[in-house]
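Structure at a glance
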Amino acid sequence: MALVVQSVAKQFGRFPALNGVSFEAPEGAFVALLGPSGSGKTTLLRILGGLEFADVGQVTFGGLDWLSIPARERRAGFVFQQYALFRHMTVAKNIAFGLEVRSRSQRPTRAEIARRVEELLHLVQLEGLGKRYPSQLSGGQRQRVALARALAIEPRMLLLDEPFGALDAKVRKELRVWLRALHDKTGITTVFVTHDQEEALQLADFVAVMNAGRIEQIGAPADLREAPATAFVAEFLEDVSNGRGFAPPRLQPRVVHLH
Amino acid sequence: MSAIASPVPRGFATPTDDHPVVRIALILVSVGFITIFLVLPLITVFAQALAHGFAEACDAVLQPDALSAVRLTLIVAAIAVPLNVAFGIAAAWAISKFDFAGKSFLTSLIDIPFSVSPVISGLIYVLVFGLQGWFGSALRDMNIKIIFALPGIVLATTFVTFPFVARELIPLMTDQGRDEEEAAVSLGASGWRTFLRVTLPNIKWGLLYAVLLCNARAMGEFGAVSVVSGHIRGLTNTMPLHVEVLYNDYQYVGAFAIASLLAMLALVTLVLKSLLEWRYADEIAAVHRH
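Summarised in this report is the structure supplied together with it. (Residues numbered from 1 in each chain as written. Chains lettered and ligands numbered in written order. Predicted model: local features only at pLDDT ≥ 70, side-chain atom pairs only at ≥ 80, totals over all residues. Heavy atoms only, no water.)

**As for the nonpolar core**
Stated precisely, the cut-off is as follows: We define the nonpolar core as a collection of buried residues of types Ala, Val, Leu, Ile, Met, Phe, Trp, Tyr and Cys that are connected through side-chain atoms lying within 4.5 Å of one another. Here's how the labels work: a residue is buried when its accessible area is under 20% of the maximum for its type, exposed when over 50%, partly exposed in between, all with a 1.4 Å probe on protein chains only. By the convention used here, residues are in contact when the closest approach between their heavy atoms is within 4.5 Å.
Within the largest apolar cluster, 45 residues are counted, with the highest numbers of intra-cluster contacts made by Ile95, Leu179 and Val207 of chain A. Among all residues touching Leu179 of chain A, those that are not within four sequence positions of it are Phe30, Leu147, Leu160, Phe164 and Leu203 of chain A. Formed by 41 residues, the second largest nonpolar core is a distinct cluster that contains Ala57, Val165, Ile170 and Phe195 of chain B.

**Details of unusual backbone geometry**
Residue and element names in this part refer to chain A. Definition in use: Secondary structure elements are taken from DSSP: a helix is a run of H or I of four residues or more, a strand is a run of E of two residues or more, and numbering for both begins at the N terminus.
One non-glycine residue with positive phi stands out, namely Ala84, at about 50 degrees. Note on placement: Ala84 falls in the loop between strand E6 (76-79) and helix H3 (91-100). When its relative accessible area of 4% is taken as the criterion, Ala84 is described as buried.

**Some details on the interface of chain A and chain B**
Applied cut-off: Accessible surface is computed with a 1.4 Å probe, and the buried area is the amount of it that two parts give up when combined, taken over both parts together. Throughout this description, the term salt bridge denotes a Lys or Arg side-chain nitrogen within 4 Å of a carboxyl oxygen of Asp or Glu. Only Asp, Glu, Lys and Arg are considered charged in this grouping, and only Ala, Val, Leu, Ile, Met, Phe, Trp, Tyr, Cys and Pro are considered nonpolar; every other residue, Gly among them, is considered polar.
Opposite the 25 residues of chain A that make contact, chain B presents 21 residues. When chain A packs against chain B, close to 2400 Å² is buried across both sides, 57% of that on carbon and sulfur atoms. The largest contributions to the chain A side of the interface with chain B come from Arg72, Arg87 and His88 of chain A, which together make up 32% of the buried area. The interface formed by chain A and chain B includes 3 salt bridges. Across the pair Arg197 of chain B and Glu100 of chain A runs a salt bridge whose closest N-O atoms are separated by 3.1 Å. The residue inventory of the side of chain A that touches chain B, partitioned by class, reads 14 nonpolar, 4 polar and 7 charged.

**Regarding the pairing of E6 of chain A**
All names here are of chain A. Short version of the rule: At least two DSSP bridges between two strands are required for those strands to pair.
In E6, alternate side chains face the same way, and those of Ala76 and Phe78 on one face and Gly77 and Val79 on the other are all buried. Where E6 meets strand E7 (residues 157-161), 4 bridges bridge the pair, whose relative direction is parallel. Bridge assignment links Ala76 to a residue of E7, and that residue is Met157.

**Quick word on the layout of surface pockets**
Filter applied, for reference: Here the term cavity refers to a set of points on a 1 Å grid, laid over the protein atoms alone, in which a 1.4 Å probe fits but cannot get out; the term pocket refers to an open set having protein on both sides within 12 Å along at least five of seven lines, with lining residues being those that place an atom within 4 Å of a point. Grid points are joined across faces, edges and corners, and a volume is the space filled by probe spheres set on the points.
Taken as a whole, the largest pocket spans an internal volume of roughly 610 Å³. Together, 20 residues line the largest pocket, and Leu51 of chain A together with Lys97, Phe98, Arg178 and Glu182 of chain B are the ones closest to its centre. Those elements giving two or more residues to the lining of the largest pocket turn out to be helix H2 (71-74) of chain A together with helix H3 (64-97), helix H9 (179-186) and helix H10 (191-220) of chain B. Of the residues that constitute the lining of the largest pocket, the class distribution is 9 nonpolar, 3 polar and 8 charged.

**Re the sheet that holds strand E4 (residues 56-61) of chain A**
Residue and element names in this part refer to chain A. Note the threshold: A fitted line through C-alpha atoms serves as each axis, taken over the contacting stretch for helices, and the angle formed by two N-to-C directions is quoted from 0 to 180°.
The strand order E2-E1-E4-E5 describes an open sheet built from 4 strands, whose pairing is antiparallel. Only two strands of the sheet have a single partner each, and these edge strands are strand E2 (15-25) and strand E5 (64-65). Judged from the 8 bridges that link them, strand E1 (residues 3-12) and E2 form a sheet pairing that is antiparallel. Residue pairing in the sheet places Val8 in a bridge with Val21 of E2. Running at roughly 115 degrees to E1, helix H1 (residues 41-49) makes contact with E1, E2 and E4 of the sheet.

Here is the structure:
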């Protein structure tokens, strides 16, 4: 029932985005795809979500030939970097979307949908905001609506593209803890993309360090720290153990007196 | 007491403001221009129509030939506008949501009706579908009449008004990207449902605006229609053509009465547009701001 990715490759024109990526993760795992921009991590995530087609390779998940299932039947809850909320719909309508577009035989009743929406609003701590429009929410709130919308379809797999990328540091830390707790509660196999080493190491059961369309190493955070397989991994993770992260050097303000 | 000079120069509310004289001059020029070129002619049209009283103007509009022109115009618009809505959405969708070879070429092709004189586009249809044209004899054998008949008028009108919908939607849809469509698909929506529930609501204001403009132009088109229609009174004369016929017959009241109808169409279009913008201001803002 595990997630098995085998030699997945993808080219955009002449640019190789993925050069044969393979890894395995047990069901219910929380996997981080970590790497600098252009390392192919988002492409891999989009392939898992069915939003991009792999040129070659195979993915099996829960015993299914994952890549042969069309995106709309995959039930992979995808949370986009910019959230991609439906801006003309209220929060409640956004969350209900995945249920309302089901074929008549599989669609829950209206009352059932309303109940589920309330439940999800409660889960993401946005009770009472169901009637708002996305433009009336803060970044952190939009993020949680996007998550609730993805969870509404009872996803087999949860895919998050830079889930905290657009948030400020404080909200990011809070949401991180919350997301981990949510994962422990739901047990949904989750893959998320990040370029923040600290985030990956703190949050994930398994971290796949990616570089130039390849996975340099995959393992539990502690293993990666103790035994980096390549120089790239060592260097990429080193910054965190020094507590520096990838934060740009702080600019020193200078005071100039005007006479 | 020494007066302290105000830090704000007099007459300027913000630093980007122009000198008051410049400001007043610009306002006067635009108001003057609009009055002379837009408002006065419009008033003249109505004044001429009502020169001999309201009854005579009404009478002119109710002439059988005039009524048939109105009917033909409505029929043509009722066919051409939906066609162009469908074509326009398809073209805008293809250009904004997919990448394919020749995309920029297609974009410039869409502009052709704007850059080609309408008379020429009318002539093209005569050359293609007319009796002496490429398909002329074949069409005659099949007993299909296109030129000097309704199909020709519809074709010419559709051609001339093609860019309105596509032009309006392409930048809008490009700007909105594919994210929401991708989200809809990942949530299990089919392509058609995604279009109905996500794409269409996001473009509906732009689309409505485009439809209004397209309709106004479809009803008012003269050049292209003039070439293909043949000016058969009571049969192939649309409203603009009928205006010309009456005018050339020195029937000024009739000509201006029909012209007033067309002008009123433009005014109604304008009012509808403003009304919609006012009524749905919040929703429009919500769709554009994100």
